[in-house]
Amino acid sequence: MSQLPHWQDENSRYLSAALKWLRLRLERFADNRQIPNIPAEHALTGGVSLEPAPDAVAEAARELSELGESEPPPGLVLLSRLFQLSEFEQNVLLLCAGIELDTRVAALCARAQDDASRSYPTFALAMALFDDPAWEVVSPEQPLRFWRLIEIQTAHGQPLTMSPLRIDERILNYLKGLNYLDDRLSSLLLPPGKPVDVEVPPSLQRLVEDVVTRLKQTSDSLMPVVQLLGPDGPGKQLVAHHAAASFCRAVYRLSVDVLRGQVAEIDTTIRLWHRESLLLPLALFVDVQESDSGAEGIAQMPLARFLARAHGLLFLGSRDFWPRFGRASFSVDVAKPTAKEQEAAWTHALDSNAGDNPGVLAGQFNLSLTAIRDIAGVVRDGNESQGDCSARLWDACRTCVRPRLDTLAQRIDAKAAWSDIVLPPTEAGLLRQIAAQVGSRGRVYGEWGFGEKMNRGLGITVLFAGDSGTGKTMAAEVIANDLRLNLYRIDLSAVVSKYIGETEKNLRRLFDAADDGGAILFFDEADALFGTRSEVKDSHDRYANIEVNYLLQRLEAYRGLAILATNMKSALDPAFVRRLRFIVNFGFPGVAERRRMWESVFPPATPLAGLNYDRL
């Protein structure tokens, strides 16, 4: 950055010399109506040996040639190298820039074209004004029009060569030394986010190194798309950021939702992006994390055309692999940092407020480094006691994982406590065992190392069986309240779909969101989802069985507590019953239990004088 002011001064000198040469050239043409054959006076890129000339045009060309040899090169010279412009194309671009940068050029254009109303550059003027004119530069396949460096403002019936030419605003600013993202793309792209200010954990660093190695091995000018797979959006952006940094590029983000329009509009966006990837050191992260279109529907999406044709360094953030979009790609699975890495991130982020919190939080919640940093920032500078700090951290983690689940399930405000529920000793003991096992998961799988020996069956699935009104939902509230976790009732109307494959998609979103921890899933009327698989007689039976199979797999991989409640225990698929760690039977309460319920149900402010609990 310290060299930028010096380069800008040199670039301004070069532009001044170029405009001076252009004015002299126009003046001579206007006076003589022909171009004297002065060797190489049009050269802008340097490296040309100029013989002394007796006129001002040759002297200006000599000065321009000397200034063009500076390093780093001026903007016009650098632009010519990037887009492989010929000397004639450079001169056309300078003529278009001159109108914007020097007010005297417009009048000279009118004089040169012998028409006061034509105070603008045209291809006809350029071909008469400069040496070695080439008709093919008018073609849309040549750099000036292919890269949108200039615009032709064609009126109805006006010849192409006589139509006004105008330099693109982005290119004009680049020549002046102002290099920023094109306005037409800034409405589609999000600027680079600030990277997480903690050390990249080893698990993600290995992924970054793998991506960089595979990208450097490619020899094709059209680099392969890097597909970053998995539910951890912030983690994928972190991998993309550090991989792009290895190529000295900043990462902009594009949401698939804003990529709309006709084919011509998409192609224009592709062309502008390709141009920006040359003008700026940047990469693109295309976010399809929440897109409903899978591999089957990608061919119909504007994104498919964009990915197939866009150049530069591209990252695709998705949950699943997208196999077909007409371009080479490779995939990398990005998981959240391990429990040990999350504990280290908590320790770093909390600093003096760490205490026992890192191990406790990492054992219960599965958060990204970004979320850990943001949550720790809420309490890091507070003056509360260690206990209050721990409570605030825990509540902040619960709040962090809520937004995604709130759109997929119904959150229950758990108020019931152990003193509110009345059960026989055996069933009450089972509930306390469930709470104890969930509360100790972090210690067993983390501190004791059982999490390193297995990767499935780390969650707890229990069944509450009994008639309606026997306390199944209240028991779920009691456990959630004791563990200070959110409780979500699964709304079957929002999960089950008549369309093939949609139920699995809804369940995947649900379990992926719940995997962050901080929540208990409560499947009420579970026999509707977990019913016995039937004999396959038609396609409906086959897909119904696929749904049950998918549920079996996700329950086995789920890391949290899932509670299944039913009043038809016999209707459950036997495969589910085998995966249940606890089965709690809720029978109809007897006389003693009903008396205890009556004694505990009334709030303290209720007048209770004269109540006969035995009669109730």
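Reading the values: rules and limits
Residues numbered from 1 in each chain as written. Predicted model: local features only at pLDDT ≥ 70, side-chain atom pairs only at ≥ 80, totals over all residues. Heavy atoms only, no water. Helix = DSSP H or I, 4+ residues; strand = E, 2+ residues; numbered from the N terminus. Buried < 20%, exposed > 50% of the residue type's maximum accessible area, 1.4 Å probe, protein only. Contact = heavy atoms within 4.5 Å. Areas by Shrake-Rupley, 256 points an atom, 1.4 Å probe, with all protein chains shown as cover. pLDDT = per-residue confidence, 0-100. Pairing = 2+ DSSP bridges. Axes fitted to C-alpha atoms, helices over the stretch in contact; angles between N-to-C directions. Salt bridge = Lys/Arg side-chain N within 4 Å of Asp/Glu carboxyl O.

This part is about the overall build of the protein chain. Scanning the protein chain from N- to C-terminus turns up 26 helices and 14 strands. In the protein chain, which comprises 616 residues, the proportion classed as buried is 47%. Residue pairs in contact within the protein chain that sit at least 24 positions apart in sequence constitute 74% of those at least 6 positions apart. Split by element, the accessible area of the protein chain, about 29,900 Å² in all, is 51% carbon and sulfur.

On average, residues of the protein chain score 83 in pLDDT, and 87% of them reach the 70 mark or higher. Scored below 50 in pLDDT, residues 34–54 makes 52 contacts in the model with residues more than four places away or belonging to other chains. Counting contacts from residues 293–300, a segment whose pLDDT is below 50, to residues more than four positions away or on other chains yields ten contacts.

If you trace the six strands from one edge of the open sheet to the other, you get E9-E11-E12-E13-E10-E14, paired in mixed fashion. Only two strands of the sheet have a single partner each, and these edge strands are strand E9 (410–412) and strand E14 (582–586). If you compare each strand with its neighbour and ignore which way they point, the axes differ by 25 degrees on average. Relative to strand E11 (residues 486–489), E9 runs antiparallel, the two being bridged by three bridges. The partner of glutamine 410 across the bridge, within E11, is arginine 489.

On the basis of which strands lie adjacent, the open sheet formed by six strands has the order E3-E5-E6-E7-E4-E8 and mixed pairing. This sheet does not close on itself; its edge strands, each paired only once, are strand E3 (189–190) and strand E8 (329–333). Strand direction decides the pairing type here: strand E6 (residues 282–287) and strand E7 (residues 314–318), joined by four bridges, are parallel. Across the sheet, the residue bridging to phenylalanine 285 is phenylalanine 315, located in E7. This element, helix H12 (residues 263–279), spans E3, E6 and E7 of the sheet and lies at about 140 degrees to E6.

Attention now moves to the pattern of salt bridges. Should their charged atoms come close, side chains of opposite charge can pair. Within this structure, the stated rule accounts for 23 salt bridges. The partner of aspartate 406 in a salt bridge is arginine 402, with the nearest N and O atoms 3.5 Å apart. Of this pair, aspartate 406 and arginine 402 both sit in helix H18 (residues 402–406), four residues apart, which is roughly one turn of the helix. Residue classification places aspartate 406 among the partly exposed residues on the basis of a relative accessible area of 33%. Connected via shared salt-bridge partners are Asp168, Asp182, Arg184 and Arg275.

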